[in-house]
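# Remarks on the overall topology
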Amino acid sequence: MKVSFPFMGPTFVYRSVLERLGHEVIFPNRPTKKTIELGTLNAPEFACFPLKVLMGSYLESIERGAQVIVTSGGVGPCRAGWYGHLHNRILADLGKDVEFIIFEPSWAQVKKQAEYLRGRNPWWHLVSAMRDGIRLLRLYEELEHDMQEIRVREINRGQTTEAWNKIIELFTRDSLSYIKLKTKSKELLASIPVDKDIIPLKVGMIGEIYVLMEPSVNMGMEERLNNLGCVVERSIYLYEWLCETALPLWLQPQNNRDIIAKSKRHIPLCIGGHARQSVGAAQNFADRGFNGVVHLMPFACTPEIVTSSILPNIARQTGMPAITFSIDEQTAEANVQTRLEAFVDLMLGNLQEGYRRESIYRN
Amino acid sequence: MRIAIPAGLLYYFYFPAWQCFFKELGMDVVTSGPTTKHIVDLGTSRSVAEACIPIKVYTGHVLSLALRKDVDALFVPRFCSIESKFHFCPKLMGLPDMIRNTVPEVLNKTFLEPWIKIEHKVNELMPTAVLVGASLGVSAKMSRAAFSKAIDAYNDSRQLALSGLTQGELIDNINHGRSPQSTVSGDPGVLRVGVLGYAYNVYDRFLSMDIVNKLREMGVFVTTFEMIDYDMLRKLVKEFPKNLFWSFSDWILRAGSHLVKNGAVDGLIHVTSFGCGPDAIVGKMLDLEAKKYDIPYLTMRIDEHTGEAHLLTRLEAFVDVLRERLIRVETAAGSEVTEQ
């Protein structure tokens, strides 16, 4: 059976796990304008943007021979919990013969699905495949963090992105051992000439997981911000998200617990999606002296509408500016760039007034 | 003390119970009245641009009440769940949080934001009711009695709805002090249309332009979701791989599926608001269900810019299509008979 999966963030990790278990993987293409068009055509008009992108992405993978799609489910209240079933129904209506493996957050279900993916392999095989996958993921996220610090200080604009694409290529080709991959990537990053005197602005990025993590969907928001002289920290990293979905709160990384604690004041319960994390993270970024917060949401995302209602007040109370970008197939690059530039000017203006200057230069 | 209840969102479903509860507590209950252009403008001025229209309208209702001097307390409940494994739309679950941030004026009044969170039976709400009573200075005993009465009022309203009264007519009866009566309007023998949509979209006369009565004036027999018992639907409609985890959305989807499957309607209209999250899924599923059983399906999407002429034209066109279809089917059946 040829297996495929949604395209989000470091996709090669999923592939590495599935291939270790002996499945033939159809690696999904990076979403392009065409993918989005294809998805928009077949998805409901008011479905949120990730559903449309995934719709297009699945259709492209099916074209290339995918027979099984592995994805996550959910029990609400966010719409994402029904994506799998809706995609399944729409694809059936389009006459596509494809099977869905949907990971629902219940042990019985997870066990059943894991059993299916495991096939004839022994259980420890699944465990070690997942452990290696997570190790790969952690390496990727560490490199990503280093890369940002370099990109914001690079002397020749574009050099880091070039090197980074090479690194992604290395990860995707999956021909090197873990150690080699690590040293090769670090070498590539170290070879970039940087201006060490630059003190970048610190910007937090919050919002819905898909538009936050996937640069091809959020128009390379992080790269844009780096090029404007800001280092970006997201409220969600894939590793932390996996911990969040798999572990009880007290076993999660410290950062996750801080965010939940700080969200209590604004939203006292989980209302679905990442609204609570977004609000908590915004408060957390403000407390840590960040210069601003960029909020990304798919157009009409229900939980994030609650976030964007609360965010202006957090900004007012803490003096940290915030901006919301609502992203869908209509979002234009020029619009995003202009608004970002204005936002960076605003943050710089705050600095020149001596406002919160101390906290910036202390680093 | 005067309690103000904003006339938006689940007011259209639970007002009979809420009104009974606060009346029993000895409070004076006022509502913000029907939605007007002014209220919509108030709401759009405060809420996030891409929030759905019912949220904007609700914000407008809250603001209009918060600005009134003769109001002491505002009732903005947080709807979490009414049964286990079901939720409400994230916007309803975070409603008081949103309102506190977009309409800070509410904090000048007693802001009642009880958590409506039921896992198994409605009595789990008793402590919440006592808390609400306590914040209004009423004894626990009285609150408990009022709560039981409110449950009775709710059950009565459900009985009336099941007998064919729309939720809109129910609320009208209460507001005009008319005695509740069940009257089935229209003749089911003519043309039957299912009108599915959340109570706050369908029965807000300003938003939906009174779609139910418009259809009735055209001689259509209308069935809505609240006329079908939810527990019965859960037993009858089983083909979905998992529950749609929003209570009312699941109800509507099952009602739609039930209606088209049993041929209980000649056409289906889904009334939804611009940017409604759950309805993006409900709408598509209804569309696919209707397609499966070859029933014409119409999406009526409303927002603050909807014009009455536009809505009426589309309704008339849809009803014409249904009539044509019926005549075609009848003549086809007739010709079959003559051939034999």
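Every value quoted in this text rests on a predicted model; they were computed, and no experiment measured them.

Further remarks concern the overall build of chain A. Along chain A, the regular secondary structure elements total 16 helices and 8 strands. Taking 363 residues into account, the globule formula puts the C-alpha radius of gyration at 21 Å, and chain A, at 21 Å, falls close to it. Counting every position in chain A, which comprises 363 residues, the buried fraction comes to 57%. Taken as a whole, chain A presents about 16000 Å² of accessible surface, with 54% of it coming from carbon and sulfur.

This paragraph deals with the interface of chain A and chain B. Counting residues at the interface gives 39 residues for chain A and 37 residues for chain B. Both sides of the chain A and chain B interface together cover about 3300 Å² of buried area, and 69% of this is carbon and sulfur. The largest share of the area that chain A buries against chain B comes from A:Phe46, A:Trp82 and A:Arg89, three residues that together contribute 25% of it. Summed over the shared surface of chain A and chain B, the result is 3 salt bridges. Between A:Glu45 and B:Arg301 there is a salt bridge, and its shortest N-O distance comes to 3.2 Å. Where the side of chain A that touches chain B is concerned, the elements lending two or more residues are α4 (83–93), β7 (292–298) and α14 (302–318) of chain A. Here the side of chain A that touches chain B takes 8 residues from α14(A), the largest share from any one element. Looking at the side of chain A that touches chain B residue by residue, the class counts come to 22 nonpolar, 12 polar and 5 charged.

With that out of the way, let us pick up the confidence of the model for chain A. Residue and element names in this part refer to chain A. Across chain A, pLDDT averages 86, with 96% of residues at or above 70. Looking at the elements of chain A, mean pLDDT is at its lowest for helix α16 (residues 357–361), recorded as 41, and at its highest for β7, recorded as 94. Throughout residues 355–363 the model reports pLDDT below 50, and contacts reaching past four residues in sequence, or to other chains, amount to 17 contacts.

Residue and element names in this part refer to chain A. Taken together, the side chains of Leu 247, Trp 250 and Leu 251 make up a nonpolar region of the molecular surface, amounting to roughly 330 Å² of accessible area. As for its placement among the helices and strands, Trp 250 is situated in the loop between α11 (238–246) and α12 (254–263). The exposure class assigned to Trp 250 is exposed, which follows from its relative accessible area of 62%.

What counts and what doesn't
- Per-chain numbering applies: the sequence of each chain, read as written, is numbered from 1 onward.
- Lettering of chains starts at A and numbering of ligands starts at 1, both following the order in which they are written.
- Owing to the predicted nature of the model, reporting of local features is limited to residues with pLDDT of at least 70; listing and counting of side-chain atom pairs is limited to 80 or more, with chain, interface and lining totals taken over all residues.
- The side-chain figures draw on all heavy atoms in the structure; neither hydrogens nor water molecules are used.
- A run of DSSP states H or I qualifies as a helix once it reaches four residues; a run of E qualifies as a strand once it reaches two. Both are numbered from the N-terminal end.
- For the radius of gyration, the atoms used are the C-alpha atoms, and the globule rule reads 2.2 Å times the number of residues raised to 0.38.
- With a 1.4 Å probe rolled over the protein chains alone, any residue whose accessible area is under 20% of its type maximum counts as buried; one over 50% counts as exposed, and the rest are partly exposed.
- Computed by Shrake-Rupley with a 1.4 Å probe, the accessible areas treat only the displayed protein chains as cover when residues are assessed.
- The contact criterion used is simple: two residues touch if any of their non-hydrogen atoms lie within 4.5 Å.
- By convention, the term buried area covers the 1.4 Å-probe accessible surface removed from two parts as they join, with the contributions of both added.
- Just to be clear on terms, a salt bridge is a Lys or Arg side-chain nitrogen sitting within 4 Å of an Asp or Glu carboxyl oxygen.
- Gly falls in the polar group here, along with every residue not listed as nonpolar (Ala, Val, Leu, Ile, Met, Phe, Trp, Tyr, Cys, Pro) or charged (Asp, Glu, Lys, Arg).
- What pLDDT reports is the predictor's confidence in each residue, on a scale of 0 through 100.
- Patch membership is restricted to residues that have no salt bridge and whose relative accessible area is over 30%. Joining uses 9 Å for like charges and 5 Å for the nonpolar side chains Val, Leu, Ile, Met, Phe, Trp and Tyr.

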